[in-house]
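# Geometric and topological summary
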There are 4 protein chains.
Amino acid sequence: MSSTASLICDLGRDFYRLGWATGTGGGICIRDGAQVTIAPSGVQKERMTPEQMFTVSIAGEILSRPDDPSLRPSECTSLFLAAVRLRDAGAVIHSHSIHAMLATLLFEREFEISELEMIKGIEGMSYHDRLVVPIIENTARECDLAASLEAAIIGYPRTQAVLVRRHGVYVWGRDWKQAKTQAECYDYLFRAAVEMHKLKGVSDASLSSRSAESLVRR
Amino acid sequence: MSSTASLICDLGRDFYRLGWATGTGGGICIRDGAQVTIAPSGVQKERMTPEQMFTVSIAGEILSRPDDPSLRPSECTSLFLAAVRLRDAGAVIHSHSIHAMLATLLFEREFEISELEMIKGIEGMSYHDRLVVPIIENTARECDLAASLEAAIIGYPRTQAVLVRRHGVYVWGRDWKQAKTQAECYDYLFRAAVEMHKLKGVSDASLSSRSAESLVRR
Amino acid sequence: MSSTASLICDLGRDFYRLGWATGTGGGICIRDGAQVTIAPSGVQKERMTPEQMFTVSIAGEILSRPDDPSLRPSECTSLFLAAVRLRDAGAVIHSHSIHAMLATLLFEREFEISELEMIKGIEGMSYHDRLVVPIIENTARECDLAASLEAAIIGYPRTQAVLVRRHGVYVWGRDWKQAKTQAECYDYLFRAAVEMHKLKGVSDASLSSRSAESLVRR
Amino acid sequence: MSSTASLICDLGRDFYRLGWATGTGGGICIRDGAQVTIAPSGVQKERMTPEQMFTVSIAGEILSRPDDPSLRPSECTSLFLAAVRLRDAGAVIHSHSIHAMLATLLFEREFEISELEMIKGIEGMSYHDRLVVPIIENTARECDLAASLEAAIIGYPRTQAVLVRRHGVYVWGRDWKQAKTQAECYDYLFRAAVEMHKLKGVSDASLSSRSAESLVRR
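This is a predicted model, so every value here is computed, not measured.

The rules we used
Residues numbered from 1 in each chain as written. Chains lettered and ligands numbered in written order. Predicted model: local features only at pLDDT ≥ 70, side-chain atom pairs only at ≥ 80, totals over all residues. Heavy atoms only, no water. Contact = heavy atoms within 4.5 Å. Core = buried A, V, L, I, M, F, W, Y, C linked by side-chain atoms within 4.5 Å. Buried < 20%, exposed > 50% of the residue type's maximum accessible area, 1.4 Å probe, protein only. Buried area = accessible area lost by both parts, 1.4 Å probe. Salt bridge = Lys/Arg side-chain N within 4 Å of Asp/Glu carboxyl O. Polar contact = N/O pair within 3.5 Å; in protein donor to acceptor, adjacent residues only side chain to side chain. Helix = DSSP H or I, 4+ residues; strand = E, 2+ residues; numbered from the N terminus. pLDDT = per-residue confidence, 0-100. Pairing = 2+ DSSP bridges. Axes fitted to C-alpha atoms, helices over the stretch in contact; angles between N-to-C directions. Least-squares fit on C-alpha atoms with pLDDT ≥ 70 in both.

## A short note on the arrangement of the chains
The closest approach of any C-alpha atom in chain B to one in chain C is 10 Å; the two make no contact. As for chain D relative to chain A, no contact occurs, and the smallest C-alpha gap between them is 10 Å.

## Some remarks on the nonpolar core
In terms of nonpolar packing, the biggest core is built from 212 residues, with Phe-111 of chain A, Phe-111 of chain B, Phe-111 of chain C together with Phe-111 of chain D touching the most fellow members. Ignoring sequence-local partners within four residues, the contact set of Phe-111 of chain C consists of Ala-103, Leu-131, Val-132, Val-133, Ile-135, Leu-163, Leu-189, Phe-190 and Ala-193 of chain C.

## Quick look at the interface of chain D and chain C
At the junction of the two partners, chain D supplies 32 residues and chain C supplies 34 residues. Here chain D packs against chain C, burying approximately 3,100 Å² in sum over the two surfaces, 55% of which is carbon and sulfur. A per-residue breakdown of the area chain D buries against chain C is headed by Ile-98, Glu-108 and Arg-166 of chain D, which together make up 22% of the total. Here Arg-47 of chain D makes a salt bridge to Asp-14 of chain C, at a shortest N to O gap of 2.7 Å. Across the contact surface, chain D and chain C share twelve residue pairs in polar contact (both at pLDDT 80 or more). Going through the elements one at a time, helix H3 (98-103) and helix H5 (176-206) of chain D are the ones with two or more residues in the side of chain D that touches chain C. Top element by residues in the side of chain D that touches chain C is H5 of chain D. It accounts for six residues.

## So, the environment of Ala-5 of chain C
All names here are of chain C. Relative to the helices and strands, Ala-5 is located in helix H1 (residues 2-17). Sequence spacing of Ala-5 and Thr-55 is 50 residues, and the spatial spacing of their C-alpha atoms is 9.3 Å. Ignoring sequence-local partners within four residues, the contact set of Ala-5 consists of Thr-37, Pro-50 and Met-53.

## Side note on the confidence of the model for chain A
Residues and elements named next belong to chain A. For chain A, the average pLDDT comes to 92, and 92% of its residues sit at 70 or higher. A low-confidence stretch, residues 205-218 stays under pLDDT 50, and its non-local contacts, those more than four residues away or across chains, total 23 contacts. Scoring the predicted complex yields pTM 0.94 and, for the interface, ipTM 0.92.

## So, the sheet that holds strand E6 (residues 110-114) of chain B
Residues and elements named next belong to chain B. Within the open sheet, the nine strands sit side by side as E4-E3-E2-E1-E5-E9-E8-E7-E6. Their pairing is mixed. The open sheet terminates on both sides in strands that have one partner only, identified here as strand E4 (62-64) and E6. Between one strand and the next, the sheet's axes are offset by a mean angle of 25 degrees, whatever the strand orientation. Bridge analysis of E6 against strand E7 (residues 130-136) gives five bridges, and the strand direction is antiparallel. Residue pairing in the sheet places Phe-111 in a bridge with Val-133 of E7. The strands touched by helix H2 (residues 77-87) are strand E1 (27-32), strand E2 (35-38), strand E3 (54-57), strand E5 (91-95) and strand E9 (168-173); relative to E5, the strand with the most contacts, the crossing angle is about 140 degrees. Helix-sheet contacts for helix H4 (residues 146-155) involve E7, strand E8 (161-164) and E9, and the interaxial angle to E7 is about 160 degrees.

## Observations concerning the relation of the copies chain A and chain C
In summary, the two copies of the chain are related to each other by a rotation about an axis coupled with a shift along it. With an axial shift of 0.0 Å and an RMSD of 0.0 Å, the rotation relating chain A to chain C amounts to 90 degrees. Read as a symmetry element, the transformation amounts to a four-fold axis. Residue by residue, only 3% of the interface of chain A is reproduced at the interface of chain C, so the copies engage with different surfaces.

Written out as structure tokens, the structure is:
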């Protein structure tokens, strides 16, 4: 278990640098068989140590906890476990990336994008497919997201991610590697959508018809 | 005291990498009981050493100083101490983040934002609350900001930060961890406001009514 | 061979940090005489180890392979080898940089730019030259790009790079150093084109004629 | 001399990470008395070693050179020495920052900005001063910039920097620390000008009059 706990600390530093886990937000859980390792709530994700980790069962019972009595398991626990239970995920990442948040402002109920190479990084998707990510509405308390997250996972059987409006995204995978590389692909796609949106606005207003067409037609 | 001095040097490197402390600007003070550790003025914040630190009382008297006679305490000292005295802050961060500076160009007297998950990272705030940060006008000399900073702290009893027009932001917390994580949340919110502003401009001019509505309505 | 394998792992970390190789995408091959070292497909490019590398002949035969039987050579192999064969390249870089991808949205068949200092970083180009980079259309499978990549390399004898629409770019050089520094110059130029595009849109709509002229005239 | 040579290598890595020295461009020279240490031309600025450095006199004579016979002194040598001679600079930085380059597209002959805190980081300037940076036209060969760079230094006795159109910037200081911190302040100011330009465009087109006024009035 301790190598998983160390890995979560390493990934916490990586996700902080990527802008996914600033201000104690964001995080990752990793499952080993029937045990899920989860970080504590409200700590700096780039400065965690292995002794601070919790392990919980897939049903959410605490199996082991850190010595520090002030620590509580991540607020994301029930959300993480939804993806573990419903999709047999081996790892789930929650990101507060500003690209994910901004992408939720551009769409009503579903983020969608097509014909970008990075779509191929998502399980089961190819270049010409239309990638759809459901967007659920945010709630005042993170745990209150569980019901709508579960509904989105069930309603979109092909998705590997659920966006949360004005908040961020949950991404999972069969193991931590796939969860992480899929999270990177999704993050690129959210950022690409925001940037293409900005260029489209510019083009329509002021560019030659050739370039504007090029943006619209593709 | 020396562990606090080392921590300030570490955080100086972190803040430099975040773009909060370039060109010798920005910084942090940390209070241990009645003693406040403060960096010197005009030095590269990513290359400080513990021997360069000052300690001052809460009233501003110098308690200890570095051997190097050319060093003077940070220009921010009186501003840092305002938050220590008026809010019992355990640490105060001053950031020159370009996101904070740009955010001061979008609002008259108060930065305000609502319904973003990162608002929950600010003491006492929940998702649906309207987060308000007072903006004070900049002055030619940093020490001349003290009176208006104090007035803003008193006038906005719920705020954990004060923006300075065309300059940056002061953020505090009960200890260095809370000051830092709150500073990260504020920085995200300032950047989000700037980016949403850009997208809104684009949307109004050129996007489908669906997307534009989505931006306006939320 | 092992120093080349280590170098590829180092460069993988660098390219990941630059945003060229996220989500297992992107990569580099390096040729030593008649042997080409190539990374495996579908692995995290910032976490590779030297034992994971393949060596192939210039014709594409596998000369040595890693012990791990689950690894296959990079999907880019036939594309990398096209530049090796047709241009005697000593190294080829494939980047998924978002700047390269966005640049392909602004042009029909050829990216072009002129009068930027960074153009001088490209073999045989000077400041006043018109730098042209052919853009080929993306395909569902990476290996299906080989024919159009070869055609572009042959059709543009002066180019050191080929863009792939909505995907990224291939850049080569006589050795890994030139391939890398040229890839950096191209990446800057793609980003510059996107940023100049945004500023041009803003200028036309709202700036003083002086500034707008300045943008148009140059 | 060897500590200066090591420092240049360290700063090369820093400037590469800041985006000032990609693709072998950019660099720094440091003067110790009558000797100036200068990096070689055309090498990766983040991978230099102390043995690769040249030393030259203020008049430009080579005093010592690296063993590697393929190395030539930086193309910037005569430009660096102009600031050393005319301003008694202790260090000169050349940056290819994209913010500097984009800033040269927004102005005719002089970059100017006022009322930003970071202006105070420039020697002799205060918050309300109008900071002016002359812009010289780029040339096909870097050494051909010398005459116009000298003319700009003489013509603008208060400036600590000269911008080069569609290219980058030269910044100097009394020693490497001041040159570096001034270069950071200038870089922030160039980026701020570009970002404020984008926001102004957006505001004029689509924002409430309150925010637009706020941008214009200040």
